[in-house]
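Geometric and topological summary
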Amino acid sequence: MQISLISPYGSLYNSGLRSISSVLKNAGFDTRMIFLPMPSTESGWNLSPFCHISYPESLLQRLKVMTEASAVIGITLMDNYMLAGAELSKTLKRADNFIIFGGVFPTLNPLKALQNADAACIGDGEYAMLELVRQIDAGTVPKAVKNIHFRGQSYPELEYIHDISSLPLPDYGPEGHYVYIERSEEIIPMKSFEDYRPFMEFRPDANPDKPVYIYRMETARGCPDNCTYCANNVLKKVQAPMVRFRTIEKIEEEILWVKEHFPYVTELSIEDDSFFARKDIWETANLLKKYNLPFKSLFTPVYFTEELTTHLIDCGMIACQIGLQSRAFNTETIYRRVAINKNVDEVLKFFSVKYPEFILIIDLIVDNPWETPDDILFTLHYLLDNMPTKAFIGISSLVFFNGTALCNKAIEEKILDTSTDYQLKTWQWHRQNKINYTTLLLVMLKLRLPRGLIRVLASKPLVSLLERKLFTEKLIPVAIRTIKKLYKKIKDTSRSKY
Ligand code: B12
Ligand code: SF4
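This one's a predicted model, so the numbers in the text were calculated from it and none came from an experiment.

What follows concerns the overall build of the chain. Secondary structure summary: the chain contains 20 helices and 17 strands in total. At 23 Å, the chain has a C-alpha radius of gyration in line with the 23 Å of a compact globule built from 498 residues. Projected onto its principal axes, the C-alpha positions of the chain cover 70 × 55 × 50 Å. A burial count over the chain gives 40% of its 498 residues as buried. Across the chain, every contact between residues at least 6 apart in sequence was considered, and the portion connecting residues at least 24 apart equals 73%.

Here's what the structure looks like:
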């Protein structure tokens, strides 16, 4: 029996879907994977405040033909890809096939997912999918599968995989793997591991002629913390209550596999929500050093210690990303981050003094309806005073994820209109219809404008003048859109000259 697994994501990483594919293949099922990145929709140049993905008719028709023999079609979805999922499902559904959605979107919004699928997978999908395809293969109408919510039936019994190291390594094909190339509107088959090279390539701004090749991997699933806006807030209840760590042996097995199959890989990107929280983080870092693979990782300030961070840098950590989100006490409280932002002063001091050139990325959330201009100015001044001069800032617009404590608060306070497709709002601050002046001040810091100038522009009289509706809902968004259009035009023109 043939199964097609489809991903609409911009990145080909997809560890969840690849893991499902490996489990199905090991059980003898003919499984193919189709990746449909749509860079134009996800691009920062796009002006829409939503993540609307609309596939070209030619692609949909091609997919229809490719999945003709598939009895089961599985589609992985985050919230912002839900329309993409609906469009794919509408095109690919036949009377004799079964369409299942999996990933964060159906896990958080099963009933919404079931409007466009025969079933929605809640949480871990490997064994749920295996049982489902076994039942379908046996010719029975599938029923009572743990983690699978069938359309018209009640919420399923849930079970999570305790030992994630027992799972096989992610499936990278290349046989039976296909990628959509938006530029040429064609789906190409992956013929060798070499074909992954362009998808792993990254050209650093500082040295664009020397590309690096990044392999993304997980050493754990989940996060020990529980911020009110984060999907983990729900995943802890319906997927797994605690973080699940892969053993060092399993991580080594994957590294050896990568070395053998992707010899061109120069760096690892560790995608764990909170890498520093690993109990055996010292040994894990030693392992990465042993294989001479520089790595990037994410961590939460509370797990920072000077000793540990120095060790990680010695072992090859070349970049790290921390979630700060806000330094204002009110906002930290709303986000449930007072305790986990605790060591951030030490983090910033450590990098400023000892590693001023290090690539440190500090993530912030904007567009929080409960946050006042004073709260934002507090964070801004905190960063002006403490941030290493070479640090980077990531700014994301707050998106409400269904079932999170923050989303519930917004619904209770009638801030969020649940009759809208609010899940489709993009996290890109510059694509929003309302752009606060205080957001622009953070952007100036991101762009490394002189800090003295930013302090002047952040003066109370200017902020109270420019934080008015006329500016935030009209002039600033229009100005940003115009700048983006002009800049894109100039870039496109200069590119077409060569
Ligand atoms: C790694 C990661 C990324 C990577 C790679 C994404 C990719 N293409 O794979 C990068 C950095 C590119 C990324 C980007 C984004 N991400 Co991200 N990302 C993650 C992270 C940290 C881990 C995901 C992961 O690999 N988990 C491990 C695997 C094994 O689990 P899984 O994917 O959930 O899959 C399992 C089940 O869900 C299920 N399943 C999944 N698919 C399917 C399909 C079928 C058919 C079935 C049956 C089951 C099934 O089975 C799998 C195996 O058990 C999560 C955080 C989290 N806790 O999940 C956020 C997360 C998924 N990301 C999120 C977001 C918002 C984004 C972005 C949209 C924006 C942003 N600001 O980051 C972008 C856009 C994505 C893109 N263009 O590809 C949100 C999604 C929230 C939501 N409600 O949808 C999360 C949950 C972060 C958060 N804490 O809120 N992300
Ligand atoms: S620390 Fe990060 S990943 Fe963990 S719950 Fe908070 S926002 Fe989510």
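With that out of the way, let us pick up the sheet that holds strand β13 (residues 267-270). The strands making up a sheet associate through backbone hydrogen bonding, with each pair oriented either parallel or antiparallel. In spatial order, the strands read β9-β10-β13-β14-β15-β16-β17; together these seven strands make up an open sheet with mixed pairing. Where the open sheet ends on each side, the last strands, each with one partner, are β9 (201-202) and β17 (392-397). Alignment of strand β15 (residues 317-325) against strand β16 (residues 359-366), held across six bridges, turns out to be parallel. Across the sheet, Gln325 pairs through a bridge with Leu364, a residue of β16.

It is worth spelling out the site of ligand 2 at this point. Taken together, Cys223, Asp225, Asn226, Cys227, Cys230, Asn232, Asp273, Ser274, Thr300 and Gly323 make up the full set of residues near ligand 2. Of the residues assigned to the shell around ligand 2, the class counts are three nonpolar, five polar and two charged.

Around ligand 1, a shell composed of 40 residues is seen, among which Gly10, Gly16, Gly74, Gly102 and Gly125 lie nearest. Residue classes in the shell around ligand 1 are distributed as 17 nonpolar, 15 polar and eight charged. Taken domain by domain, the shell around ligand 1 gets at least three of its residues from each of domain 1 (2-166) and domain 2 (200-467).

One way to put it is that helix α10 (residues 248-261) packs onto helix α11 (residues 281-290) with a least axis distance of 11 Å and a crossing angle of 20 degrees. Between α10 and α11, the crossing angle belongs to the class labelled roughly parallel. Classified by chirality, the crossing of α11 by α10 is right-handed. For the pair α10 and α11, contact is made by Ile248, Ile251 and Glu252 and by Glu283, Thr284 and Leu287, respectively.

Within the sequence span of helix α4 (residues 82-92), burial applies to Met82, Ala84, Gly85, Leu88, Ser89 and Leu92. Buried positions in α4, seen along its axis, are confined to an arc of 155 degrees and lie on one side of it.

A general trend in soluble globular proteins is that nonpolar side chains are found buried together. Judged by nonpolar contacts, the single largest core of 106 residues is most densely connected at Ile100, Phe101, Phe105, Cys121, Leu380 and Leu441. Residues lining this core come from more than one domain, with at least three contributed by each of domain 1 (2-166) and domain 2 (200-467).

Take the packing of helix α1 (residues 15-26) against helix α7 (residues 126-137) next. Where α1 meets α7, the closest approach of the two axes is 9 Å, and the angle between their N-to-C directions is 45 degrees. Accordingly, the angle class assigned to the pair α1 and α7 is oblique. Like other packed secondary-structure pairs, α1 and α7 cross with a definite hand, here right-handed. Residue-level inspection shows Ser19, Ile20, Val23 and Leu24 of α1 in contact with α7, the latter providing Glu126, Met129, Leu130 and Val133. The residue inventory of the contact of α1 with α7, partitioned by class, reads six nonpolar, one polar and one charged.

A separate point is the domain arrangement of the chain. Note: interface size is frequently given as the accessible area lost on complex formation between the parts. Along its sequence, the chain is organised into domain 1 (2-166), domain 2 (200-467) and domain 3 (468-498). Centre-to-centre separation of domain 1 and domain 2, based on C-alpha positions: 28 Å. Counting residues per element, the ones that place at least two in the side of domain 1 that touches domain 2 are α4 and α5 (104-108). A per-element tally of the side of domain 1 that touches domain 2 places α5 first, with three residues.

Our focus in this paragraph is the environment of Glu253. Tracing the chain through its elements places Glu253 in helix α10. The class of Glu253 is partly exposed, set by 15 C-beta atoms lying within 10 Å.

This part is about the sheet that holds strand β6 (residues 148-150). The strand order across the open sheet formed by eight strands is β6-β5-β4-β3-β1-β2-β7-β8, and the pairing between neighbours is mixed. Looking at which strands have only one partner, the edges of the open sheet turn out to be β6 and β8 (186-189). Ignoring strand direction, the axes of neighbouring strands in this sheet form an average angle of 20 degrees. In the packing of α4 onto the sheet, contacts are made with β1 (2-7), β3 (70-76) and β4 (98-102), and the angle to β3 comes to roughly 170 degrees.

Cut-offs and rules
- Residues numbered from 1 in each chain as written.
- Chains lettered and ligands numbered in written order.
- Predicted model: local features only at pLDDT ≥ 70, side-chain atom pairs only at ≥ 80, totals over all residues.
- Helix = DSSP H or I, 4+ residues; strand = E, 2+ residues; numbered from the N terminus.
- Rg over C-alpha atoms; globule rule 2.2 N^0.38 Å.
- Buried ≥ 20, exposed ≤ 12 C-beta atoms within 10 Å, placed from the backbone.
- Contact = placed C-beta atoms within 7 Å.
- Pairing = 2+ DSSP bridges.
- Near = placed C-beta within 6 Å.
- Nonpolar A, V, L, I, M, F, W, Y, C, P; charged D, E, K, R; others polar.
- Domains from an automatic or database assignment.
- Axes fitted to C-alpha atoms, helices over the stretch in contact; angles between N-to-C directions.
- Parallel < 35°, antiparallel > 145°, perpendicular 65-115°, else oblique.
- Left-handed = near helix turned anticlockwise from the far one by under 90°.
- Arc of directions from axis to C-beta.
- Core = buried A, V, L, I, M, F, W, Y, C linked by C-beta atoms within 7 Å.

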